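# Secondary and tertiary structure notes
Chain by chain, the residues:
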Amino acid sequence: MKNKKGLLLLLGVVLYSTQICASSNVSLLDGYEVSVEQDNLKKGATIYYNLCRLCHSLKYIKYQHLLDIGFSESEVNTLRQGKLMNKAIVSTSTPENAMKMFGMVPPDLSIMAKARKQGPEYIYSLMLSYVENSEGVYENQIFNGIKMPDVFSYSIAQGEQEKQAIQKDVADVASFLTWASDPHATERKSMGLGVIAYLVVLSGLMYLVMRRVWRRLE
Amino acid sequence: MTDDNKSLEEPLVDDPERRDFLNTVTGVVAGAGVVAASWPFISSMNPSSDVLSKATTEASLTGINPGESKTVEWQGKPVFILRRTDDQIKNMTASQGGKDPEADSDRIQKPDWLIVVGLCTHLGCVPSRSSDGWFCPCHGSKYDNSGRVLHGPAPSNLKLPPYKFVSEDKIVIG
Amino acid sequence: MKNIISWIDRRFPLTSFVKKELTEYPTPRNLSFWWNFGSLAGVVLVIQIITGVFLAMHYKADAALAFDSVEHIMRDVNYGWLIRYMHSTGATAFFAVIFLHMARTLYYGSYRSPRELMWWTGQILLLLMMATAFMGYLLPWGQMSYWGAQVITSLFGAVPFLGDELIIWLRGDFTVGDATLTRFFALHYLVPFIIMAVIMVHLVALHSVKSSNPSGINLADKDNIPFHPYFTTKDLFGLCIFLVIYSYFVFYQPNMFIEAENYIPADPLQTPVHIVPEWYFLPFYAILRSIPDLLGGVIAMTISVLIFAFMPFLDRSKIPGGAVYRPFYRALFYVFVIDVLVLGYVGAKPPEGYLVFIGYFATALYFGVFAILPFLAKKEELWLRKKGLPPELEALIQSEEKQKAERMVARRKAKRARK
């Protein structure tokens with residue numbers, strides 16, 4: 001009786017853990033998902049570099065880290081423009097300039113995807129929540145009074161095709177920032193699968209040992 | 001202990017051989033797990049990736065006039081970059097150094113540029129620049145303009161870091 | 001090998017100690033898996049200490065560097081992310097295990113005579129653990145770390161006369177600052193070793209009175225079995241199952257128990273919109289908030305934690321075995337568990353609307369359960385005995401009553417003799 005319970009418990013845990021490990025993708029809106037594919041990360045990084053970097057820094061991401069998401073050494077050399085490999089990727093504008101323009105220093109984006117609830121989704125939807133109001137001024141429906149302009153021009157996008165292209169770009173940026181906030185996530189998940197598989201096997205063995213020991217009492 | 005003893009001790013066990021096998025397998029699997037689990041902790045004490053990224057240093061050679069030297073940091077150690085004058089080159093090529101004889105040509109890539117690790121091979125002090133080489137303030141070892149020890153307690157010449165010229169006026173050390 | 005052991009044995013009771021306290025240590029054979037959580041808590045403490053020591057090798061307890069050093073651990077240190085997530089998830093696991101351990105003690109009445117000292121040392125351990133967790137939570141120096149510490153240290157302002165001085169003394173600064181961080185780090189490192197010492201006391205008490213068991217009746221010698229190999233294998237199996245669940249959270253949901261807000265560096269000039277403590281403090285936090293007066297709230301919260309220590313006095317029923325034979329006690333137990341869960345929910349949400357009233361009600365119920373327990377226990381005992389208990393229980397109760405009477409007589413006699 002007691003043993004049966006233990007076995008059922010074990011089985012339940014195994015099923016539960018495998019099921020959960022299998023589905024670990026974070027979904028964004030509009031059918032997009034946070035991608036860990038190098039193509040998307042690279043695209044997102046490029047957009048960050050050309051657009052977001054005008055104001056936002058990534059103080060925990062160094063140029064050499066770009067090699068981890070599929071940039072070649074020569075591509076990184078082009079991007080870093082003589083800066084050292086082990087230097088952080090920082091904004092092109094100075095904090096003083098930003099203060100002058102926005103009255104604040106735009107936040108660092110290194111861990112933004114973790115610093116908001118449902119961070120990746122938050123980043124994605126924030127970028128696409130700009131609307132033009134009746135006076136022709138842009139507004140953000142999620143972040144009232146945001147200082148950041150509609151850099152992806154979603155509010156004035158014409159037609160479905162253009163909108164979808166922007167959505168895809170923003171999804172890539174969200175994926176890149178998710179990677180930047182937790183660069184070891186992929187390694188972590190694959191290691192976790194191995195660790196859990198090992199522990200399930202060990203639990204099974206330990207269960208057999210225990211059952212045999214306890215059978216002496218019957 | 002023999003198997004006989006064991007089965008005498010534990011008469012209730014259904015099949016001692018199978019049990020031994022199971023125990024051994026479980027023990028080995030658990031032991032392997034403990035060993036594997038200790039690896040991340042051991043590894044965490046090794047240099048972290050940001051320390052390793054300092055393993056290479058870029059150094060610019062612009063602005064160093066003949067006869068002048070510059071010190072850059074590589075892996076936390078000073079590296080002397082000396083731009084040698086024609087006189088110095090001539091003298092060094094002619095000499096074999098002191099107690100650790102070595103040809104000057106084996107210690108350089110370009111005759112103008114001497115690049116050596118600036119730690120005295122005796123006990124690791126940083127030698128200071130003198131007119132005809134370096135002089136270690138700790139115990140008086142003297143090095144020439146090829147970084148070769150001339151006299152003093154130092155057993156060998158100043159070490160050469162791995163480096164390469166990426167352009168005319170830029171080197172990467174490490 | 002044999003020679004070495006006999007050499008030691010002549011100087012130190014190694015073999016006899018291991019035999020008496022581990023391999024042959026008599027343990028009730030009917031212990032269920034609910035008795036696994038004690039040893040499990042010990043393992044979790046060891047995990048916390050090991051991961052903590054390795055984190056301390058890279059962490060910098062300096063307000064200007066702390067946040068960056070945690071990110072350094074998460075990004076640059078080899079397997080730093082693993083060690084850090086093991087530690088943060090370990091804190092959650094520790095409280096989960098301890099709460100289950102306490103729930104078992106309450107359900108089966110294991111706090112009752114002769115195990116009061118085990119229960120009280122356990123209470124001390126809980127308090128030390130809470131202090132350690134609270135101080136550890138400041139170390140990442142995120143927004144929630146900072147404001148959590150700010151709010152909780154402010155509670156000491158409720159102390160009459162000394163309040164303001166006490167807050168400043170605790171912080172070493174006028175607000176939570178660098179001095180606070182450094183001392184919290186020092187104490188966060190120290191207290192776990194004090195916990196270990198108290199665990200020794202807890203274990204000495206255990207090995208003196210032996211484990212309670214689901215029947216609530218001390219078993220005859222023949223029903224005790226040696227700890228090894230029965231409970232070593234059972235504890236190890238339980239540990240494996242625990243590690244599977246723990247690993248799932250470490251590797252797949254490591255941020256579930258870390259507030260997003262805590263990935264924003266501490267900013268003394270901007271309070272997060274909604275401050276929540278870690279989940280294990282939520283029920284107590286809800287009680288604090290439910291009392292409209294600061295001093296009253298602090299007192300209520302303190303009592304809500306300390307009140308468990310009074311259980312041996314509040315529950316004076318002679319019926320053994322906690323909830324097993326006692327339907328009213330059992331019902332009260334479940335009411336209490338549900339009430340704690342409700343309080344936890346209330347504590348996690350902003351105090352708005354109907355939740356405020358649920359908070360009042362759940363707080364009243366929390367203390368009400370303890371208040372009603374003495375009367376309920378007596379009424380239940382009378383009712384059960386009138387209804388007729390199983391003969392062995394009745395016999396046990398009567399023999400205990402007899403023993404007690406004999407002790408009284410002996411004491412009176414001794415007193416008279418002294419006169």
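What counts, and where the lines are drawn
Each residue is numbered by its place in its chain's sequence as written, counting from 1. For this description, chains carry letters from A and ligands carry numbers from 1, given in the order in which they are written. It should be noted that, the model being predicted, local features are given only for residues of pLDDT at least 70 and side-chain atom pairs only at 80 or more, the latter also being counted only at that level, while totals for whole chains, interfaces and linings use all residues. Hydrogens and water molecules were not included; the side-chain quantities draw on all heavy atoms of the structure. Any two residues having at least one pair of non-hydrogen atoms within 4.5 Å are treated as being in contact. Defined in terms of a 1.4 Å probe, buried area is the accessible area two parts forfeit on being brought together, summed over both. In the analysis that follows, any N or O atom pair within 3.5 Å is treated as a polar contact, provided that within protein one partner can donate a hydrogen and the other can accept it, and provided that, for residues neighboring in sequence, both atoms belong to side chains. Counting from the N terminus, the helices are DSSP H or I runs at least four residues long and the strands are E runs at least two residues long. A patch consists of residues whose relative accessible area exceeds 30% and which take part in no salt bridge; residues with like charges are grouped when within 9 Å of each other, and nonpolar side chains (Val, Leu, Ile, Met, Phe, Trp, Tyr) when within 5 Å. A 1.4 Å probe and the Shrake-Rupley method give the accessible areas. Residues count as covered only by the protein chains that appear here. Here a salt bridge means any side-chain nitrogen of Lys or Arg lying within 4 Å of a carboxyl oxygen belonging to Asp or Glu. Buried, partly exposed and exposed residues are distinguished by accessible area as a fraction of the type maximum, computed with a 1.4 Å probe on protein chains only: under 20%, between the cut-offs, and over 50%, respectively. Side-chain classes are defined by residue name, with Ala, Val, Leu, Ile, Met, Phe, Trp, Tyr, Cys and Pro counting as nonpolar, Asp, Glu, Lys and Arg as charged, and the others, Gly among them, as polar. Only a pair of cysteine sulfur atoms within 2.5 Å qualifies as a disulfide here. Nonpolar cores are built from buried Ala, Val, Leu, Ile, Met, Phe, Trp, Tyr and Cys residues. Side-chain atoms within 4.5 Å join them into one set. In this analysis, rings of Phe, Tyr and Trp, with Trp reduced to its six-membered ring, are considered paired at centre separations within 6.5 Å, and the interplanar angle assigns stacked below 30 degrees, edge-to-face beyond 60, and tilted for intermediate values. Ring-over charges, as used throughout, are those where CZ of Arg or NZ of Lys falls within 6 Å of the ring centre and within 35 degrees of the ring normal. Orientation is described by axes fitted as lines to C-alpha atoms, over the contacting stretch for helices, and by angles from 0 to 180 degrees between their N-to-C directions. Any angle between 65 and 115 degrees counts as roughly perpendicular, while under 35 counts as roughly parallel, over 145 as roughly antiparallel, and the rest as oblique. Handedness of a crossing follows from how the near helix is turned relative to the far one, being left-handed for an anticlockwise turn of less than a right angle and right-handed for a clockwise one. Start and end points for every domain follow an automatic or database-based domain assignment. Expected span of a helix: the number of residues minus one, times 1.5 Å. Directions drawn from the helix axis to the C-beta atoms are what define this arc. DSSP calls a pair of strands paired once it identifies at least 2 bridges connecting them.

To continue, consider the interface of chain B and chain C. With 11 residues of chain B at the interface, the matching set in chain C holds 14 residues. When chain B packs against chain C, the two sides together hide about 1,000 Å² of surface, and 66% of this comes from carbon and sulfur. When residues of chain B are sorted by the area they lose upon contact with chain C, P40, F41 and S44 of chain B head the list and together hold 51% of the total. Scanning the region where chain B abuts chain C turns up 5 residue pairs in polar contact (both at pLDDT 80 or more). Within the residue set of the side of chain B that touches chain C, elements represented by two or more residues are α2 (16–44) and α3 (49–52) of chain B. Ranked by residue count, the leading element in the side of chain B that touches chain C is α2 of chain B, at 5 residues.

In this section: a nonpolar patch on the surface. All names here are of chain C. Together, M1, I4, I5, F12, L14, F17, V18 and L22 line one region of the surface with nonpolar side chains, adding up to about 760 Å² of accessible area. Of all the secondary-structure elements, those providing two or more residues to the nonpolar patch are α1 (2–9) and α2 (14–23). By residue number, the principal contributor to the nonpolar patch is α2, which donates 4 residues. Along the polypeptide, I5 turns up in helix α1.

All names here are of chain A. Within the structure shown, the criterion is met by 25 salt bridges over all chains. In this structure, the salt-bridge partner of D172 is K168, at a minimum N-O distance of 3.3 Å. A residue pair is termed a helical-turn pair when its members lie 3 or 4 positions apart in one helix, as D172 and K168 do in helix α7 (residues 159–181) at 4 residues. Note on D172: relative accessible area 3%, which makes it buried.

Each partner contributes residues to the interface: chain C has 37 residues there, and chain A has 43 residues. A combined buried area of about 3,700 Å² lies between chain C and chain A, and 71% of that area is made up of carbon and sulfur atoms. For the chain C face of the interface with chain A, the top three residues by lost area are R75, F237 and Y252 of chain C, together amounting to 21%. In this structure, the connection of chain C to chain A is made through 2 salt bridges. The partner of E259 of chain C in a salt bridge is K117 of chain A, with the nearest N and O atoms 3.7 Å apart. With 16 residues, helix α10 (residues 227–252) of chain C is the largest single contributor of residues to the side of chain C that touches chain A. Per-class residue counts for the side of chain C that touches chain A are 26 nonpolar, 3 polar and 8 charged.

Right, let's get into the state of the cysteines. Tallying each qualifying case throughout the model produces 1 disulfide over all chains. Note on cysteine connectivity: C125 of chain B is disulfide-linked to C138 of chain B, with sulfurs 1.9 Å apart. As the torsion about the S-S bond is roughly -95°, the C125 of chain B-C138 of chain B disulfide counts as left-handed. Taken together, the residues span a long stretch of sequence, with C125 of chain B in the loop between β4 (113–117) and β5 (128–130) and C138 of chain B in the loop between β6 (133–135) and β7 (142–143) at a distance of 13 residues. Judged by its relative accessible area of 18%, C125 of chain B falls in the buried class. For C138 of chain B, a relative accessible area of 36% corresponds to the partly exposed category. The thiol of C52 of chain A is not disulfide-bonded; the next cysteine sulfur, from C55 of chain A, is found 9.2 Å away. Overall, the relative accessible area of 13% leaves C52 of chain A in the buried class.

The next point concerns the environment of H184 of chain A. Relative to the helices and strands, H184 of chain A is located in the loop between α7 and α8 (185–215). Taking the relative accessible area as the measure of exposure, H184 of chain A reaches 18% and is therefore buried. If sequence neighbours within four positions are ignored, H184 of chain A has contacts with M74, R75 and W81 of chain C.

Here we come to the nonpolar core. Core analysis: the largest hydrophobic core is formed by 128 residues, its most contacted members being L106, W141, F242, F308, M311, Y366 and F370 of chain C. Apart from residues no more than four positions distant in its own chain, F242 of chain C is found in contact with L40, V44, A93 and V97 of chain C.

Here we come to the packing of aromatic side chains. Going through the model one piece at a time under the given rule, you end up with 44 aromatic pairs over all chains. Taken together through their ring pairs, the aromatic side chains of W214 of chain A together with Y25, F227, Y230 and F231 of chain C make up a single cluster. A cation over an aromatic ring shows up here: R53 of chain A above the ring of Y49 of chain A, its NZ or CZ 3.8 Å from the ring centre. Looking at K163 of chain A, its charged tip hangs above the ring of Y154 of chain A, at a distance of 5.9 Å from the centre.

Below, the discussion takes up the packing of α8 of chain A against α10 of chain C. The N-to-C vectors of α8 of chain A and α10 of chain C enclose an angle of 165°; their axes lie 9 Å apart at closest approach. What the angle tells us is that α8 of chain A and α10 of chain C run roughly antiparallel. α10 of chain C is crossed by α8 of chain A, and the crossing has left-handed handedness. A class-by-class count of the residues in the contact of α8 of chain A with α10 of chain C yields 26 nonpolar, 4 polar and 3 charged.

Another aspect to go through is the domain arrangement of chain C. The figure often quoted for interface size is the accessible area lost as the parts come together. All names here are of chain C. Examined at the domain level, chain C breaks down into domain 1 (20–254) and domain 2 (286–388). Inter-centroid distance (C-alpha atoms) of domain 1 to domain 2 is 24 Å. Contacts between the two partners involve 21 residues from domain 1 and, on the opposite side, 27 residues from domain 2. Summed over both partners, the interface of domain 1 with domain 2 comes to about 2,000 Å²; 70% of that surface belongs to carbon and sulfur atoms. Of all residues in domain 1, Y107, R112 and L155 give up the largest surface area on contact with domain 2, accounting jointly for 33% of the area buried on that side. Across the contact surface, domain 1 and domain 2 share 1 salt bridge. Across the pair D315 and R112 runs a salt bridge, and its minimum N-O distance is 3.8 Å. Inspection of the region where domain 1 meets domain 2 yields 10 residue pairs in polar contact (both at pLDDT 80 or more). Every element with two or more residues in the side of domain 1 that touches domain 2 is listed here: α5 (80–107) and α6 (116–138). The dominant element in the side of domain 1 that touches domain 2, judged by the number of residues it contributes, is α6, at 7 residues.

What follows covers helix α14 (residues 327–348) of chain C. Residue and element names in this part refer to chain C. Given a rise of 1.5 Å per residue, 22 residues ought to cover 32 Å, and the 32 Å separating the end C-alpha atoms of α14 matches this to within 8%. All buried positions along α14 are accounted for by Y329, L332, F333, F336, D339, L343, G344, V346 and G347. In a view along the axis of α14, the buried residues occupy a sector of 160°, so they form one face of it. Opposite the buried face of α14, at more than 90 degrees from it, the exposed residues are I338 and L341. The secondary structure elements touched by the buried residues of α14 are α5, α11 (282–290), α13 (311–314) and α15 (354–387).

Our focus in this paragraph is the pairing of strand β10 (residues 170–173) of chain B. Here is the key point about a regular strand: its side chains alternate between the two faces of the sheet. All names here are of chain B. Bridge count for strand β1 (residues 57–60) against β10 is 4 bridges, and the pairing is antiparallel. For S60, the partnering residue across the bridge sits in β10 and is K170. Direction of pairing for strand β9 (residues 163–167) relative to β10: antiparallel, over a ladder of 4 bridges. Its bridge partner lying in β10, F165 is registered against I171. Counting the residues that bridge the hairpin from β9 to β10 gives 2 residues.

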